Amino acid sequence: MDGAFFAAWITEAARLVAVERERLTTLDAAIGDADHGTNLERGFSAAVEELPSGPPGDVLTHVGNTLIRRVGGASGPLYGSAFRAMGKALGEASEVSLASFASALQAGVDAVSRLGKASVGDKTMIDALVPAAQALTLAVQEGVKQDEALARTVRAAEEGARATVPLQARKGRASYLGPRSVGHQDPGATSSALILSALLGLGLG
């Protein structure tokens, strides 16, 4: 996977965020500030406008820096930290293996967890990201092909996002609602799964 692969991922993620902006904002209206979709669309659109043509690490670091600058609320620092950590993990390599990407994704998840101080079950983006990273790592260990590994990653993220519905939020603005946060899918977990779903179709077989 080279820089063009990761640029294509971010470009497709930006498209999906734009398509799903209203759904993300509606989810956020129930338990947050009703701006998640709008904020993410602004950030990813800005990231795509100036995507570098360098190695994968540079692409993801640029995305992280842009999201921190352009996305409001908690999403900017969280997503920005994730992409910057992934970029740092990939370094200056012109091409990276699926195993390297799995390690980078785990580094991104760890960065989000440290910043947000959240764990699985807190009803945050971590509920989608942790199982996604675990699924990708396991797929690498099992030696499955890249397309199937990425598909497993996305399925795990989507399942993790859906699993937030019955949870009571313990972190973020939603936690202020207490029991009233139950019954709503977490917008951050939903957008995390959406962004990862942009990887589908980009694999090499």
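Residues numbered from 1 in each chain as written. Predicted model: local features only at pLDDT ≥ 70, side-chain atom pairs only at ≥ 80, totals over all residues. Heavy atoms only, no water.

## Some words on the overall build of the chain
For clarity, the threshold we go by: Numbering of helices and strands starts at the N terminus; helices are DSSP runs of H or I of at least 4 residues and strands are runs of E of at least 2. In this treatment the radius of gyration is a C-alpha quantity, and the globule benchmark scales as 2.2 Å times the residue count to the 0.38 power. For the area figures, the Shrake-Rupley method with a 1.4 Å probe applies, and any residue is considered shielded solely by the protein chains shown.
Helices and strands together make up the secondary structure of the chain, namely nine helices and zero strands. For the chain, the sequential pattern of α-helices and β-strands runs α-α-α-α-α-α-α-α-α. Whereas a compact globule of 205 residues would reach a radius of gyration of roughly 17 Å, the chain reaches 16 Å, a difference of no more than 12%. Counting only C-alpha atoms, the chain reaches 45 × 35 × 30 Å along its principal axes. When the accessible surface of the chain is split by element, carbon and sulfur atoms take 52% of a total near 8800 Å².

## A look at the side chain of Thr 190
Let me state the cut-off plainly: Residue exposure (1.4 Å probe, protein chains only): buried if accessible area is under 20% of the type maximum, exposed if over 50%, otherwise partly exposed. We call two residues contacting when some pair of their heavy atoms lies within 4.5 Å.
Examined against the element boundaries, Thr 190 turns out to sit in helix 9 (residues 187-197). The class for Thr 190 is buried, based on a relative accessible area of 3%. Ignoring anything within four residues of it in the chain, the contact list for Thr 190 reads Arg 23, Leu 24, Leu 27, Ala 161 and Gln 185.

## Thoughts on the nonpolar core
We count it as follows: Think of a nonpolar core as a cluster: buried Ala, Val, Leu, Ile, Met, Phe, Trp, Tyr and Cys residues, connected wherever their side-chain atoms sit within 4.5 Å.
Within the largest apolar cluster, 54 residues are counted, with the highest numbers of intra-cluster contacts made by Phe 6, Trp 9, Phe 44, Phe 83, Phe 101 and Leu 196. The set of elements that each furnish at least two residues to this core consists of helix 1 (3-19), helix 3 (36-49), helix 4 (56-70), helix 5 (75-90), helix 6 (98-116), helix 7 (126-142), helix 8 (146-162) and helix 9. Those residues in contact with Phe 83, other than ones at most four positions away along the chain, are Trp 9, Ile 10, Phe 44, Leu 60, Thr 61, Val 63, Gly 64, Leu 67 and Ile 195.

## Concerning the packing of helix 7 against helix 9
Test applied: Comment: axis = line fitted to C-alpha atoms, over the contacting stretch for helices; angle = value between 0 and 180 degrees taken between N-to-C directions. Ten residues, namely Ala, Val, Leu, Ile, Met, Phe, Trp, Tyr, Cys and Pro, are considered nonpolar, four, namely Asp, Glu, Lys and Arg, are considered charged, and the remaining ones, Gly among them, are considered polar.
Two numbers describe how helix 7 lies on helix 9: the axes approach to 7 Å, and their chain directions differ by 35 degrees. Across the interface between the two elements, Ala 128, Leu 129 and Ala 132 from helix 7 touch Ala 189, Ser 192, Ala 193 and Leu 196 from helix 9. Of the residues assigned to the contact of helix 7 with helix 9, the class counts are six nonpolar, one polar and no charged.

## What about the pattern of salt bridges?
What counts is decided by this rule: We define a salt bridge as a side-chain nitrogen of Lys or Arg found within 4 Å of a carboxyl oxygen belonging to Asp or Glu.
Under the definition given, this model contains eight salt bridges. Arg 15 is the salt-bridge partner of Glu 12, the closest N and O atoms lying 2.8 Å from each other. One end of the pair is Glu 12 and the other is Arg 15, both in helix 1 and three residues apart, which spans about a single turn. Here Glu 12 falls in the partly exposed class, since its relative accessible area comes to 24%.

## Quick word on helix 5
Operational definition: Expected helix span is given by 1.5 Å per residue-to-residue step, counting one fewer step than there are residues.
With 16 residues, helix 5 ought to run about 22 Å at 1.5 Å a step, and its terminal C-alpha atoms sit 22 Å apart, in line with that. Burial analysis of helix 5 places twelve of its 16 residues in the buried class, the great majority of the element. For helix 5, every residue scored as buried is listed here: Ser 75, Gly 76, Leu 78, Tyr 79, Gly 80, Ser 81, Ala 82, Phe 83, Ala 85, Met 86, Gly 87 and Leu 90. Buried positions along helix 5 lie against helix 1, helix 3, helix 4, helix 6 and helix 9. Within two residues after helix 5, Gly 91 carries a phi angle of roughly 65 degrees, on the positive side.

## Here's the deal with the confidence of the model for the chain
Low pLDDT marks stretches whose predicted atomic positions should not be read closely. Rules: Each residue carries a pLDDT score, the predictor's own confidence in it, on a scale running from 0 to 100.
Mean pLDDT over the chain: 93, with 99% of residues reaching 70 or higher. Ranking the elements of the chain by mean pLDDT puts helix 2 (residues 21-31) last, at 92, and helix 7 first, at 98.

## Overview of the packing of helix 3 against helix 9
The cut-off we apply is this: By convention, the crossing between two helices is left-handed when the near helix turns anticlockwise from the far helix through less than a right angle, and right-handed when the turn is clockwise.
At a minimum axis distance of 11 Å, the contact between helix 3 and helix 9 shows a crossing angle of 35 degrees. In this structure, helix 3 meets helix 9 at a crossing whose hand is right-handed. Of the residues in helix 9, those touching helix 3 at His 36, Leu 40 and Phe 44 are Pro 187, Gly 188, Ser 191 and Ile 195. Residue composition of the contact of helix 3 with helix 9, by class: four nonpolar, three polar and no charged.

## Structural notes on the side chain of Thr 124
Looking at the element boundaries, Thr 124 is found in the loop between helix 6 and helix 7. Of the residues examined, Thr 124 reaches a relative accessible area of 12% and is grouped as buried.

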